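Residues per chain, in single letters:
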Amino acid sequence: MCTTCGCATGEVKIDGDDAHHEHEHVHADGTHHSHEHAPGAAHEHRHSYAPAHSHAPGLGAKRMVQIEQDILSKNNAYAAQNRQRLAARGIFTLNLVSSPGSGKTTLLCKTIELLRGRQSVTVIEGDQQTSQDAERIRATGAPAIQINTGKGCHLDAHMVGHAMEKLELPANSLLMIENVGNLVCPAAFDLGEAHKVVILSVTEGEDKPIKYPDMFRAATLMLMNKCDLLPYLSFKVDAAIEFARRVNPGIEVIEVSATTGQGMDDWLAWIDRQAAVARLAA
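Every value quoted in this text rests on a predicted model; they were computed, and no experiment measured them.

Asks: Just checking my understanding: could you explain the packing of helix 2 (residues 104-115) against helix 8 (residues 264-281) for this structure?
Replies: If you want to describe how two helices pack, look at the angle between their axes and the distance between the axes. Closest axis-to-axis distance for the helix 2/helix 8 pair is 11 Å, and the angle between their directions is 75°. Considering their axes alone, helix 2 and helix 8 lie roughly perpendicular with respect to each other. Between helix 2, through Leu107, Lys110, Thr111, Leu114 and Leu115, and helix 8, the contact on the second element is made entirely by Met264, Trp267, Leu268 and Ile271. Residue composition of the contact of helix 2 with helix 8, by class: 7 nonpolar, 1 polar and 1 charged.

As structure tokens, this is what we get:
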């Protein structure tokens, strides 16, 4: 069970590669599991589920809080390793998070297209099943690797670290991580990214930021996507921004449409600006 939302976590595969070496550890979503992998290779996880909620037999609330803290601590250690490796090569990394159907992949494809010739982009794709999104990314000419989490509800830093080992990440490039569609679990898991970018589609409710505050609190930027559809919807833009800033007063907001190109220049300028800041700090 995931300690954040309670969903079951299943098999994890990175682009379907076979695995060779086996060891056991506590997964960042609250499960104990063993898995096999060759050094630097993709791996397959076999999970056994650990109690993670207040109704779990034999575990009190205090003990469960400690377990969750330990799990996040382990994840944060992996994330710190990822961040150090990325910073050493000047690789600026963004973690794109949203609910399903927000248009993340379409927006990402448009971003890669607009950056062609200006910035090298590599993508790590996270989904429960299929490699369709990674195939869409590869069709743009950008290298992409797929992580399938099975029943898992988010990527964690350990998965991302293994994916990074399989990718040839150019120095001073841009790494985009498209997380599993979910506004709950990914908020708690640092992957080693510079920033979380939350995508809110105008086809969703404008109250999402206050329904799922942890995600919007964790994000540096909110991309309000599919703005070309606003004339056909009752979505209240001002209310969505007000709700987002109620939980995160410092969050930046850019209104975009991957279809018409609205706001895309502002989005690319934000990437350039934040990448320059990150590389200077590193």
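Asks: Please explain unusual backbone geometry as it appears in this structure.
Replies: Working note: non-glycine residues mostly have negative phi, and peptide bonds are mostly trans. Look at Thr130: it is not a glycine, yet its phi comes out positive at around 70°. Here Asn172, not a glycine, exhibits a phi torsion of approximately 55°, which is positive. Turning to its location among the elements, Asn172 is positioned in the loop between helix 4 (157-166) and strand 8 (174-178).

Asks: Just to check I follow, could you spell out the packing of aromatic side chains for this structure?
Replies: For any pair of aromatic rings, geometry is given as the distance between the ring centres together with the angle between the planes. As enumerated under the stated definition, the model contains 1 aromatic pair in all. Ring geometry for Trp267 against Trp270: centres 5.9 Å apart, planes inclined by 20°, an arrangement best described as stacked. Here Trp270 and Trp267 lie together in helix 8, a separation of 3 residues that amounts to about one turn. With relative accessibility at 1%, the residue Trp267 sits in the buried group.

Asks: Explanation requested: the pairing of strand 10 (residues 221-225) in the structure shown.
Replies: One face of the sheet, then the other: side chains in a regular strand alternate in exactly this way. With respect to burial, strand 10 is a largely interior element, 5 of its 5 residues being buried. Across the two faces of strand 10 the burial is the same, with Leu221, Leu223 and Asn225 and Met222 and Met224 all buried.

Asks: Sorry, what's going on with the side chain of Lys196 here?
Replies: When you line up the elements, Lys196 lands in strand 9 (residues 195-201). The exposure class assigned to Lys196 is buried, which follows from its relative accessible area of 8%. Among the polar contacts listed, one links the side chain of Lys196 to the side chain of Glu193, at a separation of 2.8 Å. The contacts of Lys196, once residues within four sequence positions are left out, are Asn95, Pro186, Ala187, Phe189, Asp190, Ala218, Ala219, Thr220 and Leu221.

Asks: How do you make sense of helix 8 when you look at a structure like this?
Replies: Within an α-helix, residues lying three or four positions from one another point in the same direction, as the helix has 3.6 residues per turn. With 18 residues, helix 8 should reach 26 Å at 1.5 Å per residue; the first-to-last C-alpha distance of 26 Å fits that figure. The complete set of buried residues in helix 8 reads Met264, Trp267, Leu268, Trp270, Ile271, Gln274 and Ala275. Down the axis, helix 8 shows its buried residues gathered within 150° of arc, on one side only. Along helix 8, the residues that are exposed and aim more than 90 degrees away from the buried face are Asp265 and Leu280. On its buried side, helix 8 packs onto strand 5 (92-98), helix 2, strand 8, strand 9, strand 10 and strand 11 (252-255).

Asks: Can you help me understand the environment of Glu206 in this one?
Replies: Within the secondary structure, Glu206 sits in the loop between strand 9 and helix 5 (208-211). On the accessibility criterion, Glu206 (18% relative accessible area) is buried. For the pair Glu206 and Asp238, spaced 32 residues apart in the sequence, the C-alpha separation amounts to 8.8 Å. A distance of 3.5 Å separates a polar side-chain atom of Glu206 from the backbone nitrogen of Lys236.

Asks: Before we go on, may I ask you to explain the sheet that holds strand 10 in this structure?
Replies: Across a sheet, strands are paired by hydrogen bonds formed along the backbone, either parallel or antiparallel in direction. With mixed pairing, the 8 strands of this open sheet are ordered in space as 1-7-6-8-5-9-10-11. At either end of the open sheet lies a strand with only one pairing partner, and these are strand 1 (13-14) and strand 11. As defined by bridge partners, strand 9 adjoins strand 10 across 5 bridges and the pair is classed as parallel. By the bridge assignment for strand 10, Leu200 is matched with Met224. Here helix 7 (residues 237-247) sits on the sheet in contact with strand 9, strand 10 and strand 11, set at roughly 160° to strand 10.

Conventions used here
Residues numbered from 1 in each chain as written. Predicted model: local features only at pLDDT ≥ 70, side-chain atom pairs only at ≥ 80, totals over all residues. Heavy atoms only, no water. Axes fitted to C-alpha atoms, helices over the stretch in contact; angles between N-to-C directions. Helix = DSSP H or I, 4+ residues; strand = E, 2+ residues; numbered from the N terminus. Parallel < 35°, antiparallel > 145°, perpendicular 65-115°, else oblique. Contact = heavy atoms within 4.5 Å. Nonpolar A, V, L, I, M, F, W, Y, C, P; charged D, E, K, R; others polar. Phe/Tyr/Trp six-rings, centres within 6.5 Å; stacked < 30°, edge-to-face > 60°. Buried < 20%, exposed > 50% of the residue type's maximum accessible area, 1.4 Å probe, protein only. Polar contact = N/O pair within 3.5 Å; in protein donor to acceptor, adjacent residues only side chain to side chain. Expected span 1.5 Å × (residues − 1). Arc of directions from axis to C-beta. Pairing = 2+ DSSP bridges.

These figures come from the coordinates and say nothing about function on their own.
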